[in-house]
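Commentary on secondary and tertiary structure
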Amino acid sequence: MTDLTSLTLAEARDALKAKTFTAVELTDAYLAAMEAARGLNAYVVETPEIARDMAKASDARLAAGQAGPLEGLPLGIKDLYATKGVHTQACSHILDRFKPVYESTVSANLWADGAVMLGKLNMDEFAMGSSNETSHYGPVVNPWRRKGSDVKLVPGGSSGGSAAAVAGRLCLGATATDTGGSIRQPAAFTGTVGIKPTYGRCSRWGLVAFASSLDQAGPIARDVRDAAILLKSMASVDPRDTTSVDLPVPDYEAAVGKSVKGLRIGIPKEYRLDGMPAEIDALWRRGIDILREAGAEIVDISLPHTKYALPAYYIVAPAEASSNLARYDGVRYGLRVPGSDIIDMYENTRAAGFGAEVKRRILIGTYVLSAGYYDAYYLRAQKVRTLIKRDFELAYAAGVDAILTPATPSAAFGIGEKADADPVEMYLNDVFTVTVNMAGLPGIAVPAGLSAEGLPLGLQLIGRPFDEETLFTLGAAIEKAAGTFSPAKWW
Amino acid sequence: MNMAVRTPDPKKMIKGATGDWEVIIGLEVHAQVTSNAKLFSGASATFGAEPNMHVSLVDAAMPGMLPVINEECVAQAIRTGLGLKAAINLYSVFDRKNYFYPDLPQGYQISQYKQPIVGEGKVLLDMPEGIVEIGIERLHLEQDAGKSIHDQHPTMSFVDLNRSGVALMEIVSRPDLRSSEEVKAYLAKLRTILRYLGTCDGNMEEGSMRADINVSVRKPGEPLGTRCEIKNVNSMRFAAQAVEYEARRQIGIIEDGGEIEQETRLYDPGKGETRSMRSKEEAHDYRYFPDPDLLPLELDPSWVDSLKAGLPELPDEKKARFIGDYGVTPYDAMVLTLERASADYYEQVAKGRDGKAVANFMINELFGRLNKDGKGIEASPVSPDQLGAIVDLIGDGTISGKIAKDLFEIVYTEGGDPKALVEARGLRQVTDTGAIEKAVDEVIAANPDKAEQARAKPTLSGWFVGQVMKATGGKANPQAVNDLVKQKLGIE
Amino acid sequence: MAPRRDRCYTREHSSLFEGIYMSVDTATVRRVARLARIKVTDDEAERMTNELNSILGFVEQLNEVDVAGVEPMTSVVSVKMRRRQDVVTDGEDAAAVVANAPVSEDNFFLVPKVVE
């Protein structure tokens, strides 16, 4: 029998329905793969008992002909998602030993559709990072290595555990979240597919908040079809999230394989950065060619405020984070470090509980909201955000169906390589992805080729609000031409 | 700012060593919204549960929890705004007010900062000198905090989040008040309006209404002085005392050549003093910004209209109507309309009766008796029908006013139909001249000396009237007795 | 510390507007850390001062943008805010509320004594 973990989610789904193997067998195969891959540090917690129990229940439902859309399919869950009774810390020390008494809406949707939980996935602390190096549980190792090198590379971040686990076949698919690129950048770094849906498509209820106006849940998967299947189950209308939008969830999988003929694809000139590596530029051209050859119409467009998205993001996101993370005070849950009085307890707890990057962002956020600076920073950034969104609205109003850009300005880099760099250098990883969050739009990252060093590179497609279907159609077209990418197993 | 300018009234001023001082007062009243559930969660908003029982995971600020606004709390704020004759803002925004405190689980309070739901309005006070208008600057919705208990443990405070997230309306007045009397009147009037509207129970003991009072003093005509804020006053009496003390304290300091320091103070009812709250280690910097978990609150004008259509008649309108329809005095109308239940009671009785007589009997007898028992009108043992029957019995001369008091007491303590009671207990006023005549004759016959004196000095006839009334157990018609006594004595 | 003004901050309509340039000193970092209730060592304050200035320098380019007449974004999705009915649907489980508390007693959270 072939290795069960080599199947895609869609293939495994069909095989389970055909009773080729059982959910328990499939789950055991993944549990074994996870055990063998502990060196990658993709999981911070494995939940084999829960996984086997869920798989057994899935087998019963499969036998009874009551299978859900994800029946018996083993998934990994980013540690940002509240999972009832299971470690949920957003990979921060400050949530030490926190086990929620509730389940996030998105993960609950997955379980309701029959999926099996393998464990909690590593991530940057509170989703703040682009390399998964800020996790309290240590960095994740990218299953990809440079040709002829054994230097350990980052999987990207913040959903580094999710991306590495999918690329390393340690789960069929994973949940992730994206605030400035945290799904798409790691997907690009690991040769996987990641989609950040439109803001409001997936419920934020039960996701540990980083920046409320930007955070959005989405899947990382092995291919476009798998991502479509997962998003269909993750998305819902949730009365518990005021910002969840009341629109029916379409059958995303049906969009995979549709013709792209006649679709107008915008190529924004502002994404051609000075000093951008030639291979990124080449990849972008290849993407353009693929879509043109498939029948899409390519048009040059301008999104003039693009360059201001990242600086505006680094005001808005830290501001919201500084407030969202105020609840971690050692009173109701998580870490408490004693102090001489209540203020001292707060200060000790938060000093010990938060890592350097989180502290940095809390301080920036606190500063930009403080008396006298609000208008100059926060208010101005929110105005710039309006302009960024307007850029996209104008492009779509002019008839563009989707926008094609590179996903990242580079391939994966080495662990520790940017440790001593200026924090801004790390932030530049999100330069292509962050505009999408600022405008609340859907964006998908699809692998489209390998770098000269043999590392995966991704393209990004940006869609109209709530038009994830077109992204799946276009993503599948690129995937069909470019193929899928898997790392050679070395771990 | 469109500030109502009041002519300085010397009667409201405080005499200092250097002359008269005008006291300038503005109030921020926190009124708990009457609702079943909290402002942003489905936990109960009811007072008095076991610790942390009325707490949802949202109220406890568990990671990933999100607020969803309670529509009824919004409706209550709108009703209150309409009751205060205020502008309703169809677009308002919820902001986060960031600070750390153990009873503030989120690390921020959701409030409305720059764009509140209700704008400018007014409250009219019935003061002895006439109507005084107090401007309302704004009303906004916000979350209440939890409660820290400090006396349970030598080194620890206990935190209970039952109050955390309960909806409050902060009602901010303009600095239009000028005396402790006005402060009391304002709080009472506000409470009356809120209770009429059913938007806040006004229960100050349970903390449903608390006031922050800003006080400053100045010489008439001078610019506003530096103000101090007295926090969290939870009774009208304390509010008045606090203002009196604080104004005199400030005058004392200024007259001694000192300066007022802008600060937050607490009123200690035991000592009758305000004292500075332990000076904060650092100035507050609340870092307000729009709550990204919530969208702007946009109101449908037709919804506001329907809420307006559903408003009850408010005390000022009711008062005017009572004066017009029932001929009662403005003072009586004010007393009758203080509580909606009293006003309703009054109207039930007054309909088809002499409104003035009903008002007198209610205010003097019923309210007096209820006060003595510490009961509210809702708990009155005498129903409007019973009270009406008593007033009718006086009106048609069946009983005298004096007997009516006795009859009221019987109905109040024992219950029963007043009419039947009059018959059963023989309380009927004697108007039968034969019976009265007989009694008069007997009294005169028994007191020949006094009769002699009275004939000489007619004013002494009153003694006979009293004796006859006594002899008839108070049931004789006093006018008839008076007439007969004079007739029999041959006076006139 | 006060914002250093370069040209006129209020002239937002001017395309020549260059805005205000700010940088923080270590004392400001300490004040902000205090506001955020994070204890910082001298070394950390020093390091964070540099990092914050690097970030503030980076975001400074926003001053190039003409935002005159632009409404600040309040929400990326243009939908009416969802509301809940006034029904008690939650709570009544104090044990769940304090389940993860570092210190609790009788379903109260316990904290070092607060002096008011």
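First, a word on scope: everything that follows refers to the structure included in this document.

Comments concerning the overall build of chain A
Counting secondary structure elements, chain A contains 15 helices and 11 strands. Scaling as 2.2 N^0.38, a compact globule of 491 residues should have a C-alpha radius of gyration of about 23 Å, and chain A matches this with 21 Å. In terms of principal-axis extent, the alpha carbons of chain A reach across some 65 × 55 × 50 Å. Split into buried and exposed, the 491 residues of chain A put 71% on the buried side. A separation threshold of at least 6 residues defines the contact pool for chain A, and within that pool the share at least 24 residues apart is 77%. Accessible surface for chain A amounts to roughly 14,100 Å². Of this, 52% is attributable to carbon and sulfur atoms. Distance between charge centres in chain A, computed from 50 positive and 56 negative side chains, equals 2 Å.

Things to note about the side chain of B:R369
Within the fold, B:R369 resides in helix α8 (residues 355–373). In this view, B:R369 contacts B:F408, B:E409, B:Y412 and B:T413; residues no more than four positions away in its chain are not counted.

Brief notes about the interface of chain A and chain B
Contact with chain A, which involves 39 residues of that partner, is made by 32 residues of chain B. Regarding the contact of chain A and chain B, the summed buried area is about 2,800 Å², with carbon and sulfur atoms giving 59% of it. Three residues stand out in chain A for area buried against chain B, namely A:T242, A:R327 and A:R332, and they jointly supply 21% of the buried area on that side. For the pair chain A and chain B, the interface holds 1 salt bridge.

As for empty space enclosed by the protein
Gaps between atoms show up when a probe of the same size as a water molecule is rolled over them. Inspection of the entire model under this criterion finds 8 cavities of 30 Å³ or more. Its volume calculated, the largest cavity comes out at about 110 Å³. Of the residues contributing to the lining of the largest cavity, the split by class is 6 nonpolar, 6 polar and 3 charged.

Re the interface of chain C and chain A
Taken together, the contact between chain C and chain A spans 57 residues of the former and 73 residues of the latter. At the boundary of chain C with chain A, total buried surface from both sides reaches about 5,600 Å², with 68% on carbon and sulfur atoms. Taking the shortest distance from any N to any O, the salt bridge between A:K359 and C:E44 comes out at 3.3 Å. At the boundary of chain C and chain A, one finds 22 residue pairs in polar contact (both at pLDDT 80 or more). Counting residues per element, the ones that place at least two in the side of chain C that touches chain A are α1 (26–35), α2 (42–59) and β5 (108–112) of chain C. Ranked by residues supplied to the side of chain C that touches chain A, first place goes to α2(C) with 10 residues. A per-class count over the side of chain C that touches chain A returns 40 nonpolar, 5 polar and 12 charged.

Looking at the sheet that holds strand β3 (residues 116–121) of chain A
Residues and elements named next belong to chain A. Strand order in the open sheet made by the 11 strands is β1-β3-β2-β4-β6-β5-β10-β11-β9-β7-β8, with mixed pairing throughout. Looking along the sheet, the strands with just one partner apiece sit at the ends: β1 (43–46) and β8 (297–301). This sheet shows a mean twist of 30° between the axes of neighbouring strands, independent of strand direction. Here 2 bridges tie strand β5 (residues 193–196) to strand β6 (residues 216–221), and the two strands are oriented antiparallel to one another. Bridge pairing in β6 links G194 to I220. Sheet strands in contact with helix α4 (residues 105–112) are β2 (74–78), β3, β4 (173–178) and β6, and its direction is about 175° off that of β2.

Overview of the packing of helix α2 (residues 180–197) of chain B against helix α5 (residues 315–326) of chain B
Residue and element names in this part refer to chain B. The geometry of α2 relative to α5 is characterised by a closest axis approach of 10 Å and an angle of 90° between their N-to-C directions. Looking at the two axes, α2 sits roughly perpendicular to α5. For the pair α2 and α5, the contacting residues are K189, T192, I193 and Y196 in the first and P315, D316 and K318 in the second.

Some words on the state of the cysteines
For the structure shown, the criterion picks out 0 disulfides over all chains. Note on A:C171: no disulfide assigned, nearest cysteine sulfur contributed by A:C91 at a separation of 15 Å. There is no disulfide at B:C200, and the cysteine sulfur nearest it, in B:C73, is 12 Å away.

Describing the pattern of salt bridges
Residue and element names in this part refer to chain B. Per the counting criterion, the structure on display carries 72 salt bridges over all chains. Between E437 and K488 there is a salt bridge, with its nearest N and O atoms 2.8 Å apart. One end of the pair, E437, is in helix α12 (residues 433–446); the other, K488, is in helix α15 (residues 478–489), and 51 residues separate them in sequence. Assessed through its relative accessible area of 30%, E437 is described here as partly exposed. Residue classification places K488 among the partly exposed positions, given a relative accessible area of 28%. Salt bridges sharing partners connect three or more residues here, namely E313, K318, R321, D325, D344 and E347.

Let's talk about the environment of B:V233
All names here are of chain B. Among the structural elements, V233 can be located in strand β13 (residues 228–233). Sequence separation between V233 and Y412 is 179 residues, and the spatial gap between their C-alpha atoms is 37 Å. In this view, V233 contacts M204, R210, A211, I213, F238 and A239; residues no more than four positions away in its chain are not counted.

Observations concerning the sheet that holds strand β6 (residues 108–111) of chain B
Read from one edge of the open sheet, 3 strands run β6-β5-β16 (chain B), paired in antiparallel fashion. Unpaired on one side and paired on the other, β6 and β16 (289–290) of chain B mark the two borders of the sheet. With 4 bridges joining them, strand β5 (residues 95–98) of chain B and β6(B) adopt antiparallel strand pairing. Residue pairing across strands places B:D95 opposite B:S111, the latter belonging to β6(B). Along the sheet, helix α9 (residues 309–324) of chain A contacts β5, β6 and β16 of chain B; its crossing angle with β5(B), the most-contacted strand, is approximately 60°.

A few points about the packing of α12(B) against helix α14 (residues 461–471) of chain B
All names here are of chain B. α14 packs onto α12 with a crossing angle of 120° between their chain directions and a minimal axis gap of 9 Å. When the axis of α12 is compared with that of α14, the two are oblique. Where α12 crosses over α14, the two elements pack in a sense that is right-handed. Side by side, α12 and α14 meet where A439, V440, V443 and I444 of the first sit next to F464, Q467 and V468 of the second.

Things to note about helix α6 (residues 330–337) of chain B
Within α6(B) the residues assigned to the buried category are B:D332, B:A333, B:V335, B:L336 and B:T337. The secondary structure elements touched by the buried residues of α6(B) are α2, α5, α7 (340–350) and α8 of chain B.

Things to note about helix α9 (residues 384–395) of chain B
Residue and element names in this part refer to chain B. Between its first and last C-alpha atoms α9 spans 16 Å; for 12 residues at 1.5 Å apiece the expected length is 16 Å, and the two agree. Along α9, the residues that are buried comprise P384, Q386, L387, G388, A389, I390, V391 and L393. Looking at the buried side of α9, the elements it contacts are α7, α8, α10 (401–414) and α11 (418–424). A positive backbone phi angle near 80° is found at G397, which sits one or two residues after α9.

Points about the nonpolar core
Counting residues in each nonpolar core, the largest one holds 217 residues, and the members touching the most others are A:F126, A:I265, A:L291, A:F392, A:L404 and A:F472. The biggest single contributor to this core is α9(A), with 10 residues. Setting aside residues no more than four positions away along its own chain, A:I265 makes contact with A:L291, A:A296, A:E297, A:I298, A:V299, A:A402, A:L404 and A:L474. B:V132, B:Y186, B:V233 and B:A359 belong to the second largest nonpolar core, which has 106 residues in total.

Side note on the pairing of strand β10 (residues 156–160) of chain B
The buried fraction of β10(B) amounts to 5 of the 5 residues, a majority that puts the element mostly inside the structure. The alternating pattern of β10(B) places B:M156, B:F158 and B:D160 on one face and B:S157 and B:V159 on the opposite face, and all of these are buried. As defined by bridge partners, strand β9 (residues 147–149) of chain B adjoins β10(B) across 3 bridges and the pair is classed as antiparallel. Bridged to B:I149 within β10(B) is B:F158. Counting the residues in the hairpin turn of β9(B) and β10(B) gives 6 residues. By the bridge criterion, 4 bridges tie β10(B) to β5(C) in an arrangement that is antiparallel. Bridge assignment links B:S157 to a residue of β5(C), and that residue is C:V111.

Remarks on the packing of aromatic side chains
By the definition in use, this model includes 29 aromatic pairs over all chains. Arranged with centres 5.8 Å apart and planes meeting at 90°, the rings of A:F189 and A:F413 form a pair that is edge-to-face. With a gap of 224 residues between them, A:F189 in helix α6 (residues 184–190) and A:F413 in the loop between β9 (402–406) and α13 (423–427) connect regions that are remote in the sequence. Side by side, A:F189 and A:F413 carry an identical accessibility label, which is buried. Taken together, A:F98, A:F126, A:Y328, A:Y333 and A:F354 form an aromatic cluster joined through their ring pairs. The ring centre of A:W205 lies 3.6 Å from the NZ or CZ of A:R240, which sits over that ring. Directly above the ring of B:W463 sits B:K450, whose terminal nitrogen or CZ lies 4.7 Å from the centroid.

Parameters at a glance
Residues numbered from 1 in each chain as written. Chains lettered and ligands numbered in written order. Predicted model: local features only at pLDDT ≥ 70, side-chain atom pairs only at ≥ 80, totals over all residues. Heavy atoms only, no water. Helix = DSSP H or I, 4+ residues; strand = E, 2+ residues; numbered from the N terminus. Rg over C-alpha atoms; globule rule 2.2 N^0.38 Å. Buried < 20%, exposed > 50% of the residue type's maximum accessible area, 1.4 Å probe, protein only. Contact = heavy atoms within 4.5 Å. Areas by Shrake-Rupley, 256 points an atom, 1.4 Å probe, with all protein chains shown as cover. Lys, Arg positive; Asp, Glu negative; His and termini not counted. Charge placed at Lys NZ, Arg CZ, Asp CG, Glu CD. Buried area = accessible area lost by both parts, 1.4 Å probe. Salt bridge = Lys/Arg side-chain N within 4 Å of Asp/Glu carboxyl O. 1 Å grid on protein atoms, 1.4 Å probe; cavity = no way out; pocket = protein on both sides within 12 Å on 5 of 7 lines; lining within 4 Å. Points joined across faces, edges and corners; volume = space filled by probe spheres on them. Nonpolar A, V, L, I, M, F, W, Y, C, P; charged D, E, K, R; others polar. Polar contact = N/O pair within 3.5 Å; in protein donor to acceptor, adjacent residues only side chain to side chain. Pairing = 2+ DSSP bridges. Axes fitted to C-alpha atoms, helices over the stretch in contact; angles between N-to-C directions. Parallel < 35°, antiparallel > 145°, perpendicular 65-115°, else oblique. Disulfide = S-S within 2.5 Å. Left-handed = near helix turned anticlockwise from the far one by under 90°. Expected span 1.5 Å × (residues − 1). Core = buried A, V, L, I, M, F, W, Y, C linked by side-chain atoms within 4.5 Å. Phe/Tyr/Trp six-rings, centres within 6.5 Å; stacked < 30°, edge-to-face > 60°. Lys NZ or Arg CZ within 6 Å of the ring centre and 35° of its normal.

It is worth stressing that arrangement in space is one thing and function is another; only the former is reported here.
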